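Results of the structural survey
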Protein chains: 2
Amino acid sequence: MPAFSIGVDLGGTNLRIAAVSSEGKLLEKITLGVKVIQGRDQVVNEMCAAIKSLSAKYKSEGEFLGAGIGIPGIIDMASGMLRKSANLPGWEDYPVRNEIEHRLEAPVVLENDANAAALGEQWLGAARGIANAATVTLGTGIGGGIVLSGKIWHGMNGMAGEFGHVTVEPEGHPCGCGGRGCAEQYASASAVMRMAREAIANGEAPELAKASSSDPEFGAKSIYNLALQGDEPARRLFHTFGHYLGILLSDLINVLNLDMYVIGGGVSSAWDAFAPKMFAELRERSLVYAATAPGDSLVGRTPSAAMGGNSAVAGKTIITPALLGSDAGLYGAAKVAESPA
Amino acid sequence: MPAFSIGVDLGGTNLRIAAVSSEGKLLEKITLGVKVIQGRDQVVNEMCAAIKSLSAKYKSEGEFLGAGIGIPGIIDMASGMLRKSANLPGWEDYPVRNEIEHRLEAPVVLENDANAAALGEQWLGAARGIANAATVTLGTGIGGGIVLSGKIWHGMNGMAGEFGHVTVEPEGHPCGCGGRGCAEQYASASAVMRMAREAIANGEAPELAKASSSDPEFGAKSIYNLALQGDEPARRLFHTFGHYLGILLSDLINVLNLDMYVIGGGVSSAWDAFAPKMFAELRERSLVYAATAPGDSLVGRTPSAAMGGNSAVAGKTIITPALLGSDAGLYGAAKVAESPA
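Just so you know, the residues in each chain are numbered from 1, in the order the chain's sequence is written. Note on labels: chains are lettered from A, ligands numbered from 1, in written order. Residue-level local features of this predicted model are given only where pLDDT is at least 70; pairs of side-chain atoms are given and counted only at 80 or more, and the full residue set underlies all totals for whole chains, interfaces and linings. Each side-chain value is worked out from all heavy atoms of the structure, with water and hydrogens disregarded.

What about the packing of aromatic side chains?
Ring pairs shown here join Phe, Tyr and Trp side chains whose ring centres sit within 6.5 Å, with only the six-membered ring taken for Trp; geometry is labelled stacked below 30 degrees between planes, edge-to-face above 60, and tilted in between. Within this structure, the stated rule accounts for 18 aromatic pairs over all chains. With centroids separated by 5.8 Å and ring planes inclined at 65°, the aromatic side chains of A:W271 and A:F274 adopt a geometry described as edge-to-face. Placement of the pair is A:W271 and A:F274 together in helix α8 (residues 271-285), with a separation of 3 residues, close to one helical turn. Aromatic pair B:Y224 and B:F238: ring centres 6.0 Å apart, planes at 75°, arrangement edge-to-face. Taken together, the residues B:Y224 in helix α6 (residues 220-228) and B:F238 in helix α7 (residues 232-256) connect sequence positions 14 residues apart. Ring pairing ties together the aromatic residues A:Y224, A:F238, A:F241, A:W271, A:F274 and A:F279, which thus form one cluster. Only lysine NZ and arginine CZ atoms are considered, and such an atom sits over a ring when it is within 6 Å of the ring centre and within 35 degrees of the ring normal. The lysine or arginine in question, A:R194, covers the ring of A:Y186, its NZ or CZ lying 5.5 Å from the ring centre. Numbering goes from the N terminus for both helices and strands, where a helix is a DSSP run of H or I of at least four residues and a strand is a run of E of at least two.

Concerning the environment of A:D93
Residue and element names in this part refer to chain A. Among the structural elements, D93 can be located in the loop between β6 (81-84) and α2 (96-104). Burial classification: accessible surface area is computed with a 1.4 Å probe over protein chains only, and a residue below 20% of its type maximum counts as buried, one above 50% as exposed, and the rest as partly exposed. For D93, a relative accessible area of 58% puts it in the exposed group. Remark: the alpha-carbon pair of D93 and M81, spanning 12 residues in sequence, is separated by 7.1 Å.

Here's the deal with helix α7 (residues 232-256) of chain A
Spacing of three or four residues puts side chains on the same side of an α-helix, whose turn is 3.6 residues. Residue and element names in this part refer to chain A. The end-to-end C-alpha distance of α7 is 35 Å, a good match for the 36 Å that 25 residues give at a rise of 1.5 Å each. Of all 25 residues that make up α7, 20 are buried, and the element is covered over most of its length. Phi turns positive one or two residues past the end of α7, at N257, with a value near 50°. Here the expected length of a helix is defined as 1.5 Å per residue gap, with one fewer gap than residues.

Quick look at the pairing of strand β4 (residues 64-71) of chain B
Residue and element names in this part refer to chain B. Burial analysis of β4 places 7 of its 8 residues in the buried class, which makes it a mostly covered element. In this analysis, strands are considered paired if DSSP registers two or more bridges between them. With 5 bridges connecting them, strand β1 (residues 4-9) and β4 associate as parallel partners. Across the sheet, residue D9 finds its bridge partner in β4, namely G70. Summarising the sheet, β4 and strand β7 (residues 108-112) pair through 5 bridges and their orientation is parallel. Its bridge partner lying in β7, G70 is registered against E111.

Notes on the sheet that holds β1(B)
Residue and element names in this part refer to chain B. Within the open sheet, the 5 strands sit side by side as β3-β2-β1-β4-β7. Their pairing is mixed. The open sheet has two edge strands with one neighbour each: β3 (26-32) and β7. Across the sheet, the mean angle from the axis of one strand to that of its neighbour is 20°, orientation sign disregarded. Strand direction decides the pairing type here: β1 and strand β2 (residues 15-21), joined by 6 bridges, are antiparallel. Across the sheet, the residue bridging to F4 is S21, located in β2. Only the stretch in contact is used when a helix axis is fitted, and all axes are lines through C-alpha atoms; the angle between N-to-C directions ranges over 0 to 180 degrees.

Description of the side chain of A:D327
Residue and element names in this part refer to chain A. Considering the arrangement of structural elements, one finds D327 in the loop between β12 (318-321) and α12 (328-338). The class of D327 is buried, set by a relative accessible area of 18%. Contacts are assigned to residue pairs with any non-hydrogen atoms lying within 4.5 Å of each other. With residues up to four places along the chain from it excluded, the contact list for D327 reads R16 and K29.

Remarks on the sheet that holds strand β8 (residues 133-138) of chain A
Residues and elements named next belong to chain A. As summarised here, the arrangement of the 5 strands in space is β10-β9-β8-β11-β12, forming an open sheet in which the pairing is mixed. On the outer flanks of this sheet lie β10 (151-152) and β12, each paired with one strand and no other. Pairing of strand β11 (residues 260-264) with β12, which is carried by 4 bridges, proceeds in the parallel orientation. Across the sheet, the residue bridging to Y261 is I319, located in β12. This element, α8, spans β8, β11 and β12 of the sheet and lies at about 170° to β12.

Structural notes on the confidence of the model for chain A
Regions with low pLDDT carry predicted coordinates that are not meant to be interpreted in detail. Residue and element names in this part refer to chain A. On a scale of 0 to 100, pLDDT captures the predictor's confidence in every residue. On average, chain A scores 90 in pLDDT, and the residues at 70 or more come to 92%. Below pLDDT 50 for its whole length, residues 295-314 participates in 27 contacts with residues either more than four positions away or in separate chains. Interface scoring of the predicted complex returns ipTM 0.92; its pTM is 0.92.

Points about the interface of chain B and chain A
Facing 54 residues of chain B, the contacting portion of chain A comprises 55 residues. By convention, the term buried area covers the 1.4 Å-probe accessible surface removed from two parts as they join, with the contributions of both added. Interface of chain B and chain A: buried area, both sides summed, is about 4500 Å²; carbon and sulfur atoms make up 59% of it. Per-residue buried area on chain B facing chain A is highest for B:M156, B:V255 and B:R285; these three make up 16% of the total on that side. In what follows, salt bridge is the name for a side-chain nitrogen of Lys or Arg lying within 4 Å of a carboxyl oxygen of Asp or Glu. Our count for the chain B to chain A interface comes out at 0 salt bridges. Polar contacts here mean pairs of N or O atoms no more than 3.5 Å apart (in protein, one a potential hydrogen donor and the other a potential acceptor; neighbouring residues in sequence count only if both atoms are side-chain atoms). Linking chain B with chain A are 24 residue pairs in polar contact (both at pLDDT 80 or more). Top contributing element to the side of chain B that touches chain A by residue count: α7(B), with 7 residues. Residue composition of the side of chain B that touches chain A, by class: 25 nonpolar, 18 polar and 11 charged. Each residue receives one of three labels: charged for Asp, Glu, Lys and Arg, nonpolar for Ala, Val, Leu, Ile, Met, Phe, Trp, Tyr, Cys and Pro, and polar for the others, Gly being one of them.

Some words on the packing of helix α6 (residues 220-228) of chain A against α7(A)
Residues and elements named next belong to chain A. For the pair α6 and α7, the least separation of the axes is 7 Å and the interaxial angle reads 115°. By the angle class used here, α6 and α7 are roughly perpendicular. Between α6 and α7 lies a crossing of left-handed hand. Counting all contacts with α6, which are made through A220, I223, Y224, L226 and A227, the residues of α7 involved are A234, R235, L237 and F238. Looking at the contact of α6 with α7 residue by residue, the class counts come to 8 nonpolar, no polar and 1 charged. Roughly parallel means an angle under 35 degrees; roughly antiparallel means over 145; roughly perpendicular covers 65 to 115; every other angle is labelled oblique. For any helix crossing, the convention is left-handed if the near helix is rotated counterclockwise from the far helix by under a right angle, and right-handed if that rotation is clockwise.

Shown next as structure tokens:
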């Protein structure tokens, strides 16, 4: 058996741990009931016990390369500490990586969860076989990750890929980051909820109002279902979502010119409702996209002989839904463990 | 003497050619009077003659590595042909690189002029010693180039760094690219002229109107001079310029997290007029910038012992004017010639 590593997803409501072979085969996945709210020590103890048990189980079959931990927050790659994490209170001044490394006696890599998801999709998901790809994760907010030549592009201090804070409406809705009109104010689950509340408050959305007061689980998904059923206010809301997501993607394409942009996260399942407007914006706002969109490649614009079968020129910019769902970050975390910095 | 290469700037009104040592020392610079308007053959003949003469002159002292040619337009890197160039009509279906290589009997690399300028600034200018930097060139339009680990990031097909077409005002001024509210509609020489014309037409700018009708060379520079003299409409115009340039830079920082962003091109000399508003936007719109701005580093926000002297965390995002002026592209073209793909 080939070598294997262990990926941890510390982001969700549950703690998930997976052993993955270096060939990308899932060996085993464990979901622990321990909650972040139970405190740092308990989480770390249970996590380490599970990693140890998994690594011991597969060690006889292949070399254990280490563990990667996907964390929702800003990570100081060099010191292995969390700089900021809204979801992990009390972890900021704690030497996470050292503590875990010490207990495991194996190398540990911390990675931002959106970066891990981007690497997971590039390794085994929608962008498999594509060296350069970015993933936009549409969740409560918007996360992002850029993979160049098969490796996460961290930037100067691990803060690359903050797609959620690209300005899409200069005088738009205020954002928690201190800016205004950030992408995540228009194309995330919380943006969908805010826009729905606004439409309800304005008396513009009777069906949304009804669902909101009768459905205890009223959320982005309920609004998507109303849009699918043809409710105009719900459709308009996802139209706005697609408009701004299209602007964000156009910006990314014009700046990065990557081969593929993967759209993941929970709200990406509303693809049918937002994608038509998103693609319309892309065709209008990105020459690079328009020139390389599937079915409209540059080859058709110039004598094809001149192109000499050059795949770079024939290359198409692909925008596609993610494939791995919430496992993307788990696989990506396992992948980063393969080559600790 | 070390090896040397030759850089060519085919973009401006003159054809400029420089021999540069691999250590970055300018050996000789030639400016030819031949104009692009005199036609492809004459330009190529005179360019090749000059490259030959320069390379022969220095060959005895060091190895000639080849020639790099900076071209304003979209280049097919693989075939060495121009795909699109507004400034070089008639060059599109002409095998530029092969023709020149054939005459010189040496390797030739074509490069987009904004990419060459970015590499020049990174090699020998404002970003010297900085591995990861982008250059925004504020000229008639906006050009851009990204250098990662000392190499130009081309993207899938050479179209990375199209910063001029990042959306900064979704329903803004139409752009030649087919989009609306592109950065170059607000932060370029032609944008300055358009905004001045609009202010004059609205009767809002008497001094601009006067200068525009009396000064035969009325242009962005005259408007900058009026702003310096305290003319409110001219100041407002550069305020708008700085506002939108700040949005563009915030987007680039949030996406790329590079160490440095260099502002070059002719209009960058109006720095004093646009920079204050540009920095105000950056502080507001980019958490990454705000957290890493000079004088306001992350070190001050967290216990410094925890940072352990980690230079990545202590890293600051630098926004700075270019240093090489119009020579940036010339040096960058020489640099790309050193390692043909």
